[in-house]
Amino acid sequence: MEVIATRPKSLRDVPFTYCPGCTHGIAHRLIAESIDEHGLINKMAGVAPVGCSVFAYKFFNFDMAEAAHGRAPAVATGIKRARPDMHVFTYQGDGDLAAIGTAEIVHAANRGEHISVFFVNNAIYGMTGGQMAPTTLPDMKTTTSPYGRKVDDIGYPIRVCELLDTLVAPYYIERVSLLSGPDIIKAKKAVSKAIQYNKEGRGFTFIEFVSTCPTNWGIEPVKALVWAKENMLPFYKPGVFRDKGAPE
Amino acid sequence: MSKVLMKGNEAVAKAAINAGCRLYFAYPITPQSELIEYMAKMMPTVGGTFLQAESEVAAINMVYGAAGAGKRVMTSSSSPGISLKAEGMSYLAGAQLPCVIINVQRGGPGLGDIQPAQGDYFQATKGGGHGDYRLIVLAPSSVQEFADMASEAFDLADKYRNPVMILADGMLGQMMEPVDFKPAKTDQEIEAMGHQHESWCIHPNQDGDLKHHHEINSLEIDPVVLEKHVTKLYEKYAQIEANETRHELYNINDDNEILVVAFGTASRVVRSAVDELNAEGKNIGLFRPITVWPYPYEELAKCIGPRVKQVYVFELNTGQMVEDVKIAVNGKVPVNFWGRVGGMVFTPEQIKEKLQACF
Ligand SMILES: Cc1ncc(C[n+]2csc(CCOP(=O)(O)OP(=O)(O)O)c2C)c(N)n1
Ligand code: SF4
Ligand SMILES: [Mg+2]
């Protein structure tokens, strides 16, 4: 029998801790496949966040650090500066990156730190049970916005790619969706490009994944994809914000 | 080597570079700014990394990354900045990462002022961050000792895989004294040191073994496993307590009438007072803890001679180390305390007055 799909070498044989239908697993796979394809498994180091992907340090098959909540870009900076011959990425949720870790991500990007950041935006705090995130959509109900997110009171959701795109240093910024097969194929290309730029030492690369959290949205997985397409994508528009390596 | 006249902040920075520190992350704050400025100037000349972080929080997490990658790394700050590093220090201790943290203490609480103080003793020795952990804490009392402690701190950090703090103060940071520097480690020595942690740290997987996987981590979600981990840390701390206490004795003898205890800058002022009183015919001994964690309890207890009427503790705070002194003295004789705060430093005359009243 011909093997047409197998576990990437960059993923360890450890069961994921994610809920059925969660998109975190897809993001992991895209990153692992890309690292395999670029032959970087022996020179890679990753930094896991605090959030549902907190156990990512167990899942990837190379050296990993588990950071304090929001601090992954600073930890990655320390690793990269200490081991410039290695390639470093962070994997972070939207609470981790866009709330408690806002300073760390903005300044790592602003320094043009030679790391890749993979940002999983599911518009909610998954791990702690569905509280409001900085990315929660207007009027969206969560356990800490039980009447819906009131933008007059708490402000509008933060669009991180757009925010980072105001900085001079970042090399590559793209937002992709994990909401359909074709979208995932596009997402894979973006991830692969980020890893390639990382390999080539080009600078700071950032990929945002528009994702779902069926469990805390209280929507079954397939409907969650539909809900996200209808509600998330109009606000978080996929696209390339910055690609300094693109042909003129 | 001939002595060089230097400020404490610069001397400790130079000594750290000599000790093989090639990564330094920090955020500016008075009265430690000469330290970060010295590093900014000198790190590039030895091919090291100097990075001014966006905050003390970021700096300590950069330290976490670099220490996790097995390299000698340092950060420094003063009291308010150390509070911001507390989260990171807890993670560093949990993940057993070697590094050096310098606190050039100033007056507090809150923003306080920028004058020397010893108000962070509790924070340094009793936690500061959350959870059940210890930092090794060294308290220098001269610029020379401050500088010498840099290499000692790195050696202890490497030996025990534990963060080490040097607890100085604004006086030591700012004052100039002649310093003798140990020879700088060569690039080969630093390179060799860089391999010592490869059994656990983040490093390139040279032989391409697909099973290679190191985790730098303080999370253990299973309480059974976490209890084992914390117990292992506790056993390590017990070993440090057994082997690494340091202290200095001054005029300790069987005829001491009073035993004085002071650490850091405060101990120098106290020593002048003790000298003057002893010249006048009194017999006062001075005990100076050099490690304030582990605290030299037993060594201190041994210094309470048969004629000691009381123990007197002087600190630049409202009474923090005195609690450890009381544990050491264990009710044998009364323990007295006097301190000044807010960045005010007592004078030898004031200490003399306090001690004279005991006779
Ligand atoms: C300092 C600190 N504050 C709060 C928490 C609790 N906490 C854990 S995960 C989390 C939110 C994570 O949400 P997100 O980053 O969006 O990740 P997701 O679970 O949605 O993937 C919070 C608030 C913590 N661990 N540490
Ligand atoms: S809670 Fe949400 S984000 Fe977390 S694993 Fe479950 S579905 Fe995924
Ligand atoms: Mg989230």
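Residues numbered from 1 in each chain as written. Chains lettered and ligands numbered in written order. Predicted model: local features only at pLDDT ≥ 70, side-chain atom pairs only at ≥ 80, totals over all residues. Heavy atoms only, no water.

Engineer: Describe the overall build of chain A, listing the residues and the values that go with them.
Structural biologist: The helix and strand tally for chain A stands at 10 helices and nine strands. In terms of overall size, chain A behaves like a compact globule, its C-alpha atoms giving a radius of gyration of 17 Å where 248 residues would be expected to give roughly 18 Å. In chain A, which comprises 248 residues, the proportion classed as buried is 58%. Residue pairs in contact within chain A that sit at least 24 positions apart in sequence constitute 68% of those at least 6 positions apart. Accessible area for chain A stands at about 9,800 Å²; split by element, carbon and sulfur atoms hold 57% of it. (Helix = DSSP H or I, 4+ residues; strand = E, 2+ residues; numbered from the N terminus. Rg over C-alpha atoms; globule rule 2.2 N^0.38 Å. Buried < 20%, exposed > 50% of the residue type's maximum accessible area, 1.4 Å probe, protein only. Contact = heavy atoms within 4.5 Å. Areas by Shrake-Rupley, 256 points an atom, 1.4 Å probe, with all protein chains shown as cover.)

Engineer: If you had to explain the domain arrangement of chain B to someone new, which residues and values would you point to?
Structural biologist: How big an interface is tends to be stated in terms of the accessible area lost upon association of its parts. Residues and elements named next belong to chain B. Here chain B is described as being made up of domain 1 (4-193) and domain 2 (248-356). The gap between the C-alpha centroids of domain 1 and domain 2 is 27 Å. Counting the surface lost from both domain 1 and domain 2, the interface buries some 2,100 Å², and carbon and sulfur atoms represent 53% of this. Across the domain 1-domain 2 interface, the total number found is three salt bridges. For Arg 268, the salt bridge identified is with Glu 177, shortest N-O distance 2.5 Å. At the boundary of domain 1 and domain 2, one finds 16 residue pairs in polar contact (both at pLDDT 80 or more). Among the elements of the structure, helix H5 (121-125), strand E6 (136-138), helix H6 (143-160), strand E7 (163-169) and helix H7 (170-174) are those that each provide at least two residues to the side of domain 1 that touches domain 2. (Domains from an automatic or database assignment. Buried area = accessible area lost by both parts, 1.4 Å probe. Salt bridge = Lys/Arg side-chain N within 4 Å of Asp/Glu carboxyl O. Polar contact = N/O pair within 3.5 Å; in protein donor to acceptor, adjacent residues only side chain to side chain.)

Engineer: Can you tell me about the sheet that holds strand E4 (residues 115-121) of chain A, naming the residues and giving the values?
Structural biologist: Spatially, eight strands are ordered E9(A)-E7(A)-E8(A)-E4(A)-E3(A)-E1(A)-E2(A)-E9(B) in an open sheet, and the strand pairing comes out mixed. If you trace the sheet from one side to the other, it starts and ends with strand E9 (239-243) of chain A together with strand E9 (215-216) of chain B, each paired once. Of the strands in this sheet, strand E1 (44-48), strand E3 (87-93), E4 and strand E8 (205-210) of chain A touch helix H1 (residues 24-37) of chain A, which is tilted by about 170° from E3(A). (Pairing = 2+ DSSP bridges. Axes fitted to C-alpha atoms, helices over the stretch in contact; angles between N-to-C directions.)

Engineer: A description of the coordination of the magnesium ion (ligand 3) should follow, citing residues and the corresponding values.
Structural biologist: All names here are of chain A. For the magnesium ion (ligand 3), every protein donor is listed as Asp 94 (OD), Asn 122 (OD1) and Ile 124 (O), and the spread of their distances is 2.0 to 2.2 Å. Binding-site remark: the magnesium ion (ligand 3) is held by donors from one chain whose sequence spacing is D-x27-N-x1-I. Among the residues examined, Asn 122 registers a relative accessible area of 6% and is labelled buried. Note on Ile 124: relative accessible area 2%, which makes it buried. (Donors = N, O, S within 2.8 Å, 3.2 Å for Na, K, Ca; no water.)

Engineer: Report on the site of ligand 1, specifying residues and quantitative values.
Structural biologist: All names here are of chain A. What surrounds ligand 1 is a group of 16 residues, the closest being His 24, Cys 52, Asp 94, Asp 96 and Gly 126. In this structure, an oxygen atom belonging to ligand 1 sits 2.8 Å away from a main-chain N or O atom of Gly 126. Calculation on ligand 1 without its partners gives an accessible area of 590 Å², and the protein chains cover 76% of this total. Looking at the shell around ligand 1, the element that brings in the most residues is helix H4 (residues 94-100), giving four residues. In the shell around ligand 1, the residues fall into six nonpolar, eight polar and two charged. (Near = heavy atom within 4 Å. Nonpolar A, V, L, I, M, F, W, Y, C, P; charged D, E, K, R; others polar.)

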